[in-house]
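# Secondary and tertiary structure notes
What follows is the residue order along each chain.
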Amino acid sequence: MTVPLALTQNNADALRRGACPSLATPMQTGDGLLVRLRPVAAALSAQDLVALAGLARQHGNGLIEITARGNLQLRGLSHETVPRLSTGLAAAGIVPQTGVAIEVPPLTGIDPSEMADAAPVAAALRAALAAASFALAPKLAIVIDGGGVLSLADMVADIRLDAVPTVDGVAWRLSVGGDRASAKTVALLPPASLLDGIMTVIAALAVLGPAARGRDLDAAALLAVLHATPSVAAAPLPAVHPLGAHRIGNETVLGLAPAYGQVHAHRLSALAKGLSACGATEFRLAPHRSLLVRGLSGEMLAAARACADREGFWASDDAPGRSISICAGAAGCASAGFDTHTAADALAAAAGTLLDGSIDVHLSGCPKGCAHPAAAAVTLCGTQAGIGLILDGRASDGPVASLPADDLQPAIDRLGTFLRARRRDGETARGLIDRTAPAALISAYQGKQ
Ligand code: SF4
């Protein structure tokens, strides 16, 4: 099926940060148009990945990204090539999802430790939404989490359904505006009233208007409308990073991530072929910019990791760069003020164990902040005035200090040396930054200590 494409200069120009880039509405960036897509099929074959890589090279600049929510992004396209990409995807049998983003754990239906299979719930909801035709916020996200080893506990959503055990079996905890821990609890829904319940919430959002998000909903008012049992806060689940080897039932699943979430098409193609030769049978996109590989035997894990390493993928959950988000930078985007890849390598080397997963660091070529729209503990951003330092903010926020791009490497080294020297035994990077005065961080960045 070819995705309908009605791309005109007007609607392309209308694309902005508030909209989600897709085949129908690609987003203009410094290196051309960007298309974000998530295949309908949960599992991709090696052949699918090779086809995607070929299309990225043929119609874009060959740069492929996996986003924090596990979507694919193809960069460097043009108004002429986006329709050809759409045709090529259809020819390869890769069908992109459309409509509201409904996210389920990447191994749902496979992981015997999950409480419930989220896939049938998601399918029923997609069908109900298609029939209802609500006008909803373009970035609306719904998470349906049945639990399991790689649950979506840490994924923020407008509306969440989390499977929880009850005396009568599994029920679904409905909450709005957050991740499993922070979302506002609304109600406990038994499976029989699940679809009606969530559609009631979505109808309430539609009434608020096409810009309304989950955080705008009144949980108490919703509970009254639903006539449902109130729910308590969800029990915490351990946040397991997809990177590395996971025992799922009686199989091993290997989580990989392209370094800093980006890979060139020829390396993705080589990875798919190399892992296929190691026995890989399927690939699944996953949160945290990851790709899960199934079908590898224990004997072939080392060879698969070596293949990943050769092609620029991380395969272990202690890869320091996993905490760093970078955009295409000067290597792939005309808007960038510096080479984000080189800076990320310098940062990973200077920070070492400071990148313990407790903080996000964002290197953004410009204030658009493509790679990490949310706030990060530390952001280095290319601006008119140089490379800005932003603390606990977004790339678009005003920097607290700026330096010429040529001074960035020594500034990164100084920050790393300063923070490593202050760190207490066993202290997380988050704890360290929280007890460090911003003025001291600014001084280290500027070399004024
Ligand atoms: S954030 Fe990066 S990729 Fe996005 S427009 Fe700016 S420089 Fe380009």
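Fair warning: this is a prediction, and the values are worked out from it, not measured in the lab. (Residues numbered from 1 in each chain as written. Predicted model: local features only at pLDDT ≥ 70, side-chain atom pairs only at ≥ 80, totals over all residues. Heavy atoms only, no water.)

### Quick notes on the domain arrangement of the chain
Domain parsing of the chain yields domain 1 (9-99 + 242-317), domain 2 (107-226) and domain 3 (321-446). Distance between the C-alpha centres of domain 1 and domain 2: 26 Å. Listed by partner, the interface residues are 19 residues for domain 1 and 17 residues for domain 2. Summed over both sides, the interface of domain 1 with domain 2 buries roughly 1,300 Å², with 67% coming from carbon and sulfur. On inspection of domain 1 and its partner domain 2, the count reaches 0 salt bridges. The interface formed by domain 1 and domain 2 holds 2 residue pairs in polar contact (both at pLDDT 80 or more) in total. Taken together, the elements giving at least two residues each to the side of domain 1 that touches domain 2 come down to β10 (244-248), β11 (251-258), β13 (282-286) and β14 (290-294). It is β10 that provides the largest number of residues to the side of domain 1 that touches domain 2, a total of 3 residues. In terms of residue class, the side of domain 1 that touches domain 2 is made up of 7 nonpolar, 5 polar and 7 charged. (Domains from an automatic or database assignment. Contact = heavy atoms within 4.5 Å. Buried area = accessible area lost by both parts, 1.4 Å probe. Salt bridge = Lys/Arg side-chain N within 4 Å of Asp/Glu carboxyl O. Polar contact = N/O pair within 3.5 Å; in protein donor to acceptor, adjacent residues only side chain to side chain. Helix = DSSP H or I, 4+ residues; strand = E, 2+ residues; numbered from the N terminus. Nonpolar A, V, L, I, M, F, W, Y, C, P; charged D, E, K, R; others polar.)

### Remarks on the pattern of salt bridges
Under the defined criterion, the tally for this structure stands at 16 salt bridges. The residue Arg75 makes a salt bridge to Asp31 at a minimum N-O spacing of 3.0 Å. With Arg75 in strand β4 (residues 72-77) and Asp31 in the loop between β1 (27-29) and β2 (32-37), this pair connects stretches of sequence that are 44 residues apart. Of the residues examined, Asp31 reaches a relative accessible area of 11% and is grouped as buried. Note that Glu103 and Arg38 form a salt bridge whose closest N and O atoms lie 3.5 Å from each other. (Buried < 20%, exposed > 50% of the residue type's maximum accessible area, 1.4 Å probe, protein only.)

### Here's the deal with the pairing of β14
The buried count for β14 comes to 5 of 5 residues, which makes it a mostly enclosed element. Burial of the side chains of β14 extends over both faces: Ser290, Leu292 and Arg294 are buried on one face and Leu291 and Val293 on the other. Inspection of the sheet shows β11 paired to β14 by 3 bridges, in the antiparallel sense. Looking at the pairing, Leu254 lines up with Val293 of β14. As judged from the 5 bridges shared by β13 and β14, these two strands associate in the antiparallel manner. Bridged to Glu282 within β14 is Arg294. (Pairing = 2+ DSSP bridges.)

### Quick word on the nonpolar core
In a soluble, globular protein the nonpolar side chains are often hidden away together inside. Of all hydrophobic cores here, the largest spans 41 residues; its most connected members are Ile64, Leu256, Leu271 and Leu275. Take this core: its biggest share by element is 6 residues, from helix α2 (residues 46-59). In this view, Leu256 contacts Leu243, Leu271, Leu275, Arg289, Ser290, Leu291, Val293, Ala308, Phe313, Trp314 and Ala315; residues no more than four positions away in its chain are not counted. Ranked by size, the runner-up nonpolar core spans 40 residues in total, among them Trp314, Ala344, Leu419 and Tyr445. (Core = buried A, V, L, I, M, F, W, Y, C linked by side-chain atoms within 4.5 Å.)

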